[in-house]
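Tertiary structure, described
Each chain is listed here by its residues.
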Amino acid sequence: METDKKSFDYKKLSAFRERAFGRLMGRLKRHIDSIIEPRLHAMGFTDFKLSYMGFLANLTPDGITNNELARRACVTKQAMSKVVNLLEREGYIRTEKNLSDSRSSVIYLSERGMELLKAVYECMQDVHQQFVGVVGKEKWEQMLDTMVVLVQHIDQNGDQQQP
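Residues numbered from 1 in each chain as written. Predicted model: local features only at pLDDT ≥ 70, side-chain atom pairs only at ≥ 80, totals over all residues. Heavy atoms only, no water.

**A short note on the packing of aromatic side chains**
The test is simple: Pairing of aromatic side chains requires ring centres within 6.5 Å, counting the rings of Phe and Tyr and the six-membered ring of Trp. Pairs whose planes differ by under 30 degrees are stacked, by over 60 edge-to-face, and all others tilted. Helical segments are the DSSP runs of H or I of at least four residues, strand segments are the runs of E of at least two, and each set is numbered from the N terminus. Each residue gets one of three labels from its accessible area relative to the maximum for its type: buried under 20%, exposed over 50%, partly exposed in between, using a 1.4 Å probe on protein chains only.
By the definition in use, this model includes five aromatic pairs. Measuring from centroid to centroid gives 6.4 Å for F45 and Y92, while their planes differ by 40 degrees, and the two rings are tilted. Here Y92 lies in the loop between α5 (77–89) and β2 (93–97) and F45 lies in the loop between α2 (21–42) and α3 (53–56), a separation of 47 residues in the sequence. Accessibility classification places F45 together with Y92 in one group, the buried group. Where F131 meets W140, the ring centres are 5.7 Å apart and the plane angle is 45 degrees; that geometry is what we call tilted. Comparing F131 with W140, the two get one shared label, buried.

**So, the confidence of the model for the protein**
Definition in use: Per-residue confidence from the prediction method is given by pLDDT, with values spanning 0 to 100.
Looking at the protein as a whole, the pLDDT averages 89, with 93% of positions reaching at least 70. For the protein, per-element mean pLDDT is lowest for helix α1 (residues 10–18), which scores 82, and highest for helix α6 (residues 111–135), which scores 95.

**Some points on the packing of helix α4 (residues 66–73) against α5**
When two helices pack together, their arrangement is given by the angle between the helix axes and by the axis-to-axis distance. Here is the rule we go by: Inter-axis angles, ranging from 0 to 180 degrees, are taken between N-to-C directions of lines fitted to C-alpha atoms, where helices are fitted over the stretch in contact. Here is the rule for angles: anything less than 35 degrees is roughly parallel, anything more than 145 is roughly antiparallel, 65 through 115 is roughly perpendicular, and the remaining ranges are oblique. Any two residues having at least one pair of non-hydrogen atoms within 4.5 Å are treated as being in contact. Throughout this entry, Asp, Glu, Lys and Arg are counted as charged residues, while Ala, Val, Leu, Ile, Met, Phe, Trp, Tyr, Cys and Pro are counted as nonpolar. The remaining residues, Gly among them, count as polar.
Running from amino to carboxyl end, α4 crosses α5 at an angle of 110 degrees, the nearest separation of the two axes being 9 Å. On the basis of the axis angle, α4 is roughly perpendicular to α5. Between α4 and α5, the contacting residues are N66, N67, L69, A70 and A73 on the first element and K77, M80, S81 and V84 on the second. Residues belonging to the contact of α4 with α5 are distributed by class as follows: five nonpolar, three polar and one charged.

Put into structure tokens, the structure is as follows:
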């Protein structure tokens, strides 16, 4: 898109903005959040914010260290430590001393955390069904398949790779 002030075309910008990937993803995320967070609060998870989901979603059944969790969630170790402390205080996770490295702890999902993830899953199934009702199952599955390929590419090649 040309940015010369003399030839700036608002119609062209508007047409571009209509299909801008970042704008579309952001809009869909806000819509999903506006549905799910109030439902979770109504289910008793009143202290949970969806911004924590990226952390909880990266936990493993066998436990994970703070450093590995930070790497998976693409945040600093310091930021992860703050969230881990908060989630532990709120009862969504528990920590145990790392038997192979006494300087660190292993983080596990707690019973409350498991219940939360079940509730999130149920809420997301409802949102998915809403979207399938709009675009149809085939288009929905195709979109998800495409997103999986893109995320796998990012995971294999690093977040900072230029297109």
